[in-house]
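Single-letter residue listing:
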Amino acid sequence: MKGKNILKHLSSDLLNPAFSHIYIEKAILDHPITTRILSRFPISRQVEIAHYKDVFCRSRQNYSLQKKSPSLILAEKKEHWLYEGAAVCQDFGYRHFYYASLAMNCIYDCEYCYLQGMHPSAHIVVFVNLKDFFSAVERELKKHPVYLCISYDTDLLAMEAFLGYVKEWLSFAGRHPELVLEIRTKSANPKILNTLNPQENVILAWTLSPDSIREKFEHHTPSLEQRLHCIQIVLEKGFPVRICFDPLLYTKNWAFLFQELVETTFRMIPSHRIKDASVGVFRITQAYLKRLRKQRPNSAVVQYPFINDSGVCHYGHELTERMISFAFEQLRKYLPEDKLFIWKG
Ligand code: SF4
């Protein structure tokens, strides 16, 4: 499948198709990964640039418009290959928790996505120097085991058809048993999943949401049923699977929706086959929320009057506690306590 096929939902008839333009840093024009990615987009216009920030960090960009017709930027990451896990993220009990930013931005368009508050542009940046990321992980592994999330600031599996990064990380993880990888996604592409070989230290993690939430707030993402079908496929293949009910959004009928979501999930997925599950209510740093609200002035989900708790905005302790307790109660019907990871702030 050519890359443009998975991107067709992004562009309207009045705009250029997604990735109609691909910006490439001069230094990596001949990089083998650059060549591989470009081969997936034979009719895109290629533009040579000095540095990805020349395009990505320009002032006065229109994020919403770019989101409808994003360009691709191929770049080289020069530093910060690994970041320590942020306080708003779950560590799943791992002591040495890191994440890597192999790409910035995502082909989906979730209204609540913190990336809109984090980046000045909706264009998608992909760093092609994978080997430098691998070397950085190997340096850490010399000191201690590593738990690494590689699909936080993007959705790598959703872009696997033209990136092939998940396959490369699977093979890297196979050579480093003391590394545990988490690859989080909302994607649903059985064809791609069937090409991947499982590794016991690579957790595929699906974020699950009720369909009514997906339709309202998670634009262009696959349905719940499609995501669950993909979980069935990878469980059959032997992958460890995590399910993430995160972010849990506060809406009028959140409790009913959540209960229905959990019931549907475990009707399709045998609970004993799941490695673990996480739950967390929506939370976001104050700075990201400020920018996010500007991008989405009409979005009920981001305009909620959150409580600002030392720079982290959330629903407030009373409501958070109520939502988390209910979610915990529902999940406990299917999963033992030691498989449940709850973000309480
Ligand atoms: S799938 Fe995740 S990374 Fe992509 S837009 Fe939605 S929240 Fe953001």
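These remarks concern the structure in this document.

For the protein chain, the count of helices and strands is 15 helices and 18 strands. Its C-alpha radius of gyration of 20 Å places the protein chain within 12% of the 20 Å reference for a compact globule of 345 residues. Projected onto its principal axes, the C-alpha positions of the protein chain cover 55 × 45 × 35 Å. Within the protein chain, buried positions represent 42% of all 345 residues. Sequence-distant contacts in the protein chain: of pairs separated by 6 or more residues, those separated by 24 or more amount to 76%.

Turning next to the pairing of strand β13 (residues 241–248). By the criterion of burial, β13 is predominantly enclosed, with seven of the eight residues buried. As paired strands, strand β11 (residues 202–207) and β13 are joined by four bridges and run parallel to one another. Residue pairing in the sheet places Ala205 in a bridge with Arg242 of β13. Bridge count between β13 and strand β14 (residues 276–281): five bridges; the pairing is parallel. Bridging from a neighbouring strand, Leu248 pairs with Val281 of β14.

Once that is clear, we can look at unusual backbone geometry. Here the bond from Asp246 into Pro247 is cis, since omega is 10°, no more than 30 degrees from zero. In this structure, His80 is a non-glycine residue whose phi angle is positive, near 55°. With respect to the element layout, His80 can be found in the loop between β3 (72–75) and β4 (83–84). With 9 C-beta atoms counted inside 10 Å, the residue His80 sits in the exposed group. In the Ramachandran plot, Phe92 falls in the positive-phi region, its phi being about 50° despite a non-glycine side chain. Secondary-structure assignment places Phe92 in the loop between β4 and β5 (97–99).

Here we come to helix α11 (residues 224–237). Spanning 14 residues, α11 covers 20 Å between terminal C-alpha atoms, matching the ideal 20 Å at 1.5 Å per step. Among the residues making up α11, those that are buried are Leu224, Arg227, Leu228, Cys230 and Ile231. Looking straight down α11, one finds its buried side chains confined to an arc of 155°; they lie on one side. Those residues of α11 that are exposed and aimed more than 90 degrees away from the buried face are Glu225 and Glu236. At its buried positions, α11 is contacted by α9 (190–193), β11, α10 (211–217), β13 and α12 (254–268). Note on α11: the residue one or two positions beyond its end, Gly238, has a positive phi of about 105°.

With that settled, the discussion passes to the sheet that holds strand β17 (residues 312–314). Strand pairing in a sheet relies on backbone hydrogen bonds. The paired strands run either parallel or antiparallel. Reading across the sheet, the three strands line up as β15-β17-β16 and stay open at both edges, with antiparallel pairing between neighbours. Looking at which strands have only one partner, the edges of the open sheet turn out to be β15 (284–285) and β16 (307–309). Both β16 and β17 contribute to a ladder of three bridges, which runs antiparallel. Counted as the bridge partner of Asn308 is Cys313 from β17.

With that out of the way, let us pick up the sheet that holds strand β18 (residues 340–343). Here we have eight strands laid out as an open sheet, ordered β4-β5-β9-β10-β11-β13-β14-β18, and mixed in their pairing. Both outer strands of the open sheet, β4 and β18, are each paired with one neighbouring strand and no more. The strands touched by helix α6 (residues 130–141) are β9 (146–149) and β10 (179–185); relative to β9, the strand with the most contacts, the crossing angle is about 150°.

With burial as the criterion, each face of β3 is covered, one bearing Leu72 and Leu74 and the other bearing Ile73 and Ala75. Sheet analysis places strand β1 (residues 21–25) next to β3, joined by three bridges and oriented parallel. Along β3, the bridge assignment pairs Tyr23 with Ile73. In the sheet, β3 pairs with strand β8 (residues 124–127) via four bridges, with the strands oriented parallel. Residue pairing for β8: Ala75 is matched across the bridge by Phe127.

Another point: the environment of Asn194. Its place among the elements puts Asn194 in the loop between α9 and β11. C-beta crowding within 10 Å serves as the criterion here: with 10 such atoms nearby, Asn194 is assigned to the exposed category. Asn194 sits 114 residues away from His80 along the chain, and the two C-alpha atoms are 32 Å apart.

Analysis parameters
Here, residues in each chain are numbered from 1, in the same order as that chain's written sequence. Given that this is a predicted model, residues contribute local features only at a pLDDT of at least 70 and side-chain atom pairs are listed and counted only at 80 or more, while totals for whole chains, interfaces and linings are drawn from all residues. In this description a helix means any DSSP run of H or I spanning at least four residues, a strand means any run of E spanning at least two, and both kinds are numbered starting from the N terminus. We compute the radius of gyration over the C-alpha atoms and compare it with the globule rule, which gives 2.2 Å times the number of residues raised to the power 0.38. For every residue, the other C-beta atoms within 10 Å of its own C-beta are counted; 20 or more classify it as buried, 12 or fewer as exposed, and values in between as partly exposed. C-beta atoms are placed from the backbone. A pair of residues counts as a contact when their C-beta atoms, built from backbone coordinates, are separated by no more than 7 Å. Two strands form a pair only when DSSP identifies at least two bridges running between them. To estimate the expected span of a helix, subtract one from its residue number and multiply by 1.5 Å. Directions from the helix axis toward the C-beta atoms define the arc. Each axis is a line fitted through C-alpha atoms, and for a helix only the stretch in contact is used; angles between axes span 0 to 180 degrees, taken between their N-to-C directions.

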